[in-house]
Amino acid sequence: MKVSRAATTAVAAAAVLLLQGCYTAPAPVSVPGRSISERFEQSWQAARGAASDVGVRVTSEDRPSGTLSGDQGSSNVIITVISQADATIQVGFSVTGGGASQDANLKDHLTRAYQRRMGR
């Protein structure tokens with residue numbers, strides 16, 4: 001059986017979209033005219049607020065390393081806020097320990113809450 005080029009392209013495109021769905025870190029934040037420390041502070045506060053919005057209990061904050069840790073039920077959450085060499089801020093969410101569906105759902109809620117707090 002011969003597979004058409006269009007079918008192969010469609011399968012490849014679907015695979016790319018599925019893989020993108022696994023990526024949980026919002027795009028780097030770069031706001032012209034604001035210092036990197038101001039942008040870090042905005043991102044840090046938005047990440048803390050997002051955790052609160054979705055019911056994550058923050059148990060530890062290490063600002064120098066840019067790490068917030070907490071939990072929600074059986075899920076463990078690590079949020080990173082990192083200043084990049086190109087003067088952007090990278091924020092990432094890691095959720096483990098709960099069921100796969102539960103963890104993925106919590107990551108999605110954290111990402112959306114963070115984006116909302118950043119005005120996106």
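This text follows the structure it describes.
Residues numbered from 1 in each chain as written. Predicted model: local features only at pLDDT ≥ 70, side-chain atom pairs only at ≥ 80, totals over all residues. Heavy atoms only, no water.

### A closer look at the nonpolar core
- Core analysis: the biggest nonpolar cluster contains 21 residues, and I79, L110 and Y114 have the highest contact counts within it.
- At the level of elements, α2 (36-53), β3 (75-83), β4 (89-96) and α3 (100-117) are the ones that each hand at least two residues to this core.
- Of the residues forming this core, the biggest block, six residues, is contributed by α2. (Core = buried A, V, L, I, M, F, W, Y, C linked by side-chain atoms within 4.5 Å. Buried < 20%, exposed > 50% of the residue type's maximum accessible area, 1.4 Å probe, protein only. Helix = DSSP H or I, 4+ residues; strand = E, 2+ residues; numbered from the N terminus.)

### What to know about the packing of aromatic side chains
- This model, assessed by the stated rule, comprises two aromatic pairs.
- For the ring pair F93 and Y114, a centre distance of 6.0 Å and an interplane angle of 65° mean the geometry is edge-to-face. Here F93 is found in strand β4, whereas its partner Y114 is found in helix α3, with 21 residues between them in sequence. Neither residue differs from the other here; F93 and Y114 are each classed as buried. (Phe/Tyr/Trp six-rings, centres within 6.5 Å; stacked < 30°, edge-to-face > 60°.)

### Focus: the sheet that holds strand β2 (residues 67-72)
- Spatially, four strands are ordered β1-β2-β3-β4 in an open sheet, and the strand pairing comes out antiparallel. Each end of this open sheet is capped by a strand with a single partner; those strands are β1 (57-62) and β4. The sheet shows a mean angle of 15° between the axes of neighbouring strands, taken without regard to direction.
- As paired elements, β2 and β3 share six bridges and run antiparallel to each other. Bridge pairing links T67 to T80 in β3.
- Most of the contacts of α2 go to β3, to which it runs at about 170°, and overall it touches β1, β2, β3 and β4. (Pairing = 2+ DSSP bridges. Axes fitted to C-alpha atoms, helices over the stretch in contact; angles between N-to-C directions. Contact = heavy atoms within 4.5 Å.)

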